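Chain by chain, the residues run as shown.
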Amino acid sequence: MKVLVPVKRVVDYNVKVRVKSDQTGVDIANVKMSMNPFDEIAVEEATRLKEKGGAAEVIAVSCGVAQCQETLRTAMAIGADRGILVQTDAELQPLAVAKLLKSLVEKEQPQLVILGKQAIDDDANQTGQMLAALLDWPQATFASKVEVADGSITVTREVDGGLETVKLSLPAIVTTDLRLNEPRYVTLPNIMKAKKKPLDTVTPEELGVDAAPRLKTLKVTEPPARKAGIKVADVAALVDKLKNEAKVV
Amino acid sequence: MTTLVIAEHDNAQLKGATLNTVAAAAKLGGEVHVLVAGHNAKAVAEQAAGAAGVAKVLLADAPQLADGLAENLAAQVLAVASGYSHLLFPATASGKNVAPRVAAKLDVAQVSDIIGVESADTFQRPIYAGNAIATVQSGDAVKVITVRTTGFDAVAATGGSGAIETVEAVADSGKSSFVGREVAKSDRPELAGARVVVSGGRGLGSAENFKILDPLADKLGAALGASRAAVDAGYAPNDWQVGQTGKIVAPQLYVAVGISGAIQHLAGMKDSKVIVAINKDPEAPIFGVADYGLVGDLFQVVPELVASV
């Protein structure tokens, strides 16, 4: 069984982004970029499946600028066997990425695609579900446990109020939540090995996909700032403030 | 122009998030209809029909719709979608699961997690963990949207008199099945809609110590929440997580206990009306957003607080 794992290059989760003064977006020049944390969990899960003998090959895919090669190399250092870059400098929105991935799925014929549930830049939480719809495959989003057995996959999902478990026939789509696994620390020898793994590049045009954005961003602004309040000396002062000033208790 | 809101429910009760979503729909102008897809869910349809501003409720009732499987629920939405200009889902675990499936099938973009409606095609949504707000315009014929419930005040649950129309349920996809659910039973209010939230962080130190928050939550009638660090460490269940990728809350009072205040956590609670932070580290970032900060040992402060509120 082949497993396909899409990975996105995003602003590192430790970076607090700044909105550009002309309101056209956030300033990502000279900002540290990393693999989307949920995608790292996806690569780890696929790699573990391979190590347990459940997957024959793990293919990492990234859509975007040339530097996404670094993200693919990281995926290969974790354990992916090879990488595919769908290279474009144009803005890609989730529907376009889902269409690009669909075209690669049709070419590579994986039985399972594992994606992060959400990218921490646009916070859209759409691509996995859209890919499932375009392929007419079943989906299990927000996974915290994945078990593959003959022709099917059983997934425990993090939902409002607790957990739920669904069983899907393969091929299927899984999106990862935080508690699915803890990605391994990437070692130097594995980084070196990853440099020798195959990495192919294609373009949206070669895949015959119209990747034009559908949503137009009119402006990007700062959220309303919240001012720091005051420090109170003790519990009595706190209770007094809550009762008499804020009137919330 | 008519908007269809996809109801969130458990086949018995309409969830509050639906009422916030109806409020967002009302801002678009035009009629608001609600789809209730479930099993033995007539009571839910009646509740939805009673919500203020709902003109019509579509009820699709069948066993294959009982558990909200994405494949069946998306197909059901698509089966009734024609004629609607906007399809609105609450941005809950269920809404987020199903909406993109519907959007992709319609070949339209989805606008996720809107917090404001500027016009019928222009919306505001947070990006980068709420550190920026994007105003986006959709040129698609149908707008598929998920609504961040904290962005819109819920419409009244009663006072409406919508008509209920039964629609044909779609067939089971045969590709997925529901195995089971582990839902924690609690007498406390639901985290997403609670008036008061008491949240604990890594500072609590253990699942055992986390229980120190119970009496405080009882006293305040609060829901319990947690930071990601506390959930990852196993101190609190996953569905208590407040933050960028967990629950977004905006209660009247948010009490953060032993939470340092990573930007991902702040993203989930900084729209609360009043924020109280209790932390032993005076430099903790949580104090940067708190209305009232108390620097001290939470194991002393919390019991004292319980005794005096």
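Structural data are supplied above this passage.
Residues numbered from 1 in each chain as written. Chains lettered and ligands numbered in written order. Predicted model: local features only at pLDDT ≥ 70, side-chain atom pairs only at ≥ 80, totals over all residues.

Check the secondary structure of chain A and you find 6 helices and 13 strands. Along the three orthogonal principal directions, the C-alpha set of chain A runs to about 65 × 45 × 40 Å. Counting all 249 residues of chain A, 50% fall into the buried class. Within chain A, contacts between residues at least 6 apart in sequence are counted, and of these 69% link residues at least 24 apart. (Helix = DSSP H or I, 4+ residues; strand = E, 2+ residues; numbered from the N terminus. Buried ≥ 20, exposed ≤ 12 C-beta atoms within 10 Å, placed from the backbone. Contact = placed C-beta atoms within 7 Å.)

So, on to the sheet that holds strand β8 (residues 132-138) of chain B. Sheet architecture is open: 4 strands sit in the order β12(A)-β8(B)-β7(B)-β6(B), paired in antiparallel fashion. With partners counted over all chains shown, the strands left at the sheet margins are β12 (215-221) of chain A together with β6 (116-119) of chain B, one partner each. Across the sheet, the mean angle from the axis of one strand to that of its neighbour is 30°, orientation sign disregarded. Here β6 of chain B pairs with strand β7 (residues 122-127) of chain B via 3 bridges, running antiparallel. For Gly-116 of chain B, the partnering residue across the bridge sits in β7 of chain B and is Gln-124 of chain B. (Pairing = 2+ DSSP bridges. Axes fitted to C-alpha atoms, helices over the stretch in contact; angles between N-to-C directions.)

This paragraph deals with the interface of chain B and chain A. Taken together, the contact between chain B and chain A spans 73 residues of the former and 64 residues of the latter. Residue composition of the side of chain B that touches chain A, grouped by class: 36 nonpolar, 22 polar and 15 charged. Where strand β13 (residues 230-232) of chain A and strand β16 (residues 292-295) of chain B come together, 3 bridges link them in parallel fashion. Each residue of the ladder has a partner; that of Lys-231 of chain A, found in β16 of chain B, is Gly-293 of chain B. (Nonpolar A, V, L, I, M, F, W, Y, C, P; charged D, E, K, R; others polar.)

This next bit is on the packing of helix α4 (residues 127-135) of chain A against helix α4 (residues 93-105) of chain B. Running from amino to carboxyl end, α4 of chain A crosses α4 of chain B at an angle of 45°, the nearest separation of the two axes being 7 Å. If you check the angle between α4 of chain A and α4 of chain B, you find them oblique. Where α4 of chain A crosses over α4 of chain B, the handedness of that crossing is right-handed. Packed against α4 of chain A, whose contacting residues are Gln-129, Met-130, Ala-132, Ala-133 and Leu-134 of chain A, the element α4 of chain B presents Asn-97, Pro-100, Arg-101, Ala-103, Ala-104 and Lys-105 of chain B at the interface. Classifying every residue of the contact of α4 of chain A with α4 of chain B by side-chain character gives 7 nonpolar, 2 polar and 2 charged. (Parallel < 35°, antiparallel > 145°, perpendicular 65-115°, else oblique. Left-handed = near helix turned anticlockwise from the far one by under 90°.)

This part is about helix α3 (residues 70-80) of chain B. What sets the pattern is the α-helix's 3.6 residues per turn: residues three or four places apart point alike. Of all 11 residues in α3 of chain B, 9 are buried, a share of seventy percent or more. Of the positions making up α3 of chain B, those classed as buried are Ala-70, Glu-71, Asn-72, Leu-73, Ala-74, Ala-75, Gln-76, Val-77 and Val-80 of chain B.

So, about the sheet that holds strand β8 (residues 152-159) of chain A. Read across the open sheet, the 10 strands follow the order β11(A)-β5(A)-β4(A)-β1(A)-β6(A)-β10(A)-β7(A)-β8(A)-β9(A)-β11(B); overall the sheet is mixed. This sheet does not close on itself; its edge strands, each paired only once, are β11 (199-202) of chain A together with β11 (176-183) of chain B. The mean angle between the axes of side-by-side strands here comes to 25°, regardless of whether they run parallel or antiparallel. As judged from the 5 bridges shared by strand β1 (residues 2-6) of chain A and strand β4 (residues 57-64) of chain A, these two strands associate in the parallel manner. Each residue of the ladder has a partner; that of Lys-2 of chain A, found in β4 of chain A, is Glu-57 of chain A. Seen against the sheet, helix α1 (residues 37-51) of chain A touches β1, β4, β6 (112-116), β7 (139-149) and β10 (172-176) of chain A and runs at an angle of roughly 150° to β6 of chain A. Each of β6, β7 and β10 of chain A is contacted by α4 of chain A, which is oriented at about 65° to β7 of chain A, the strand it contacts most.

With that out of the way, let us pick up unusual backbone geometry. Residue Pro-171 of chain A is bonded to the preceding Leu-170 of chain A through a cis peptide linkage, with omega at 0°. For Asn-40 of chain B, which is not a glycine, the phi torsion comes out positive at approximately 55°. Mapped onto the fold, Asn-40 of chain B is located in the loop between β2 (31-38) and α2 (42-50). Positive phi values are uncommon outside glycine, yet Ala-129 of chain B reaches one of about 55°.

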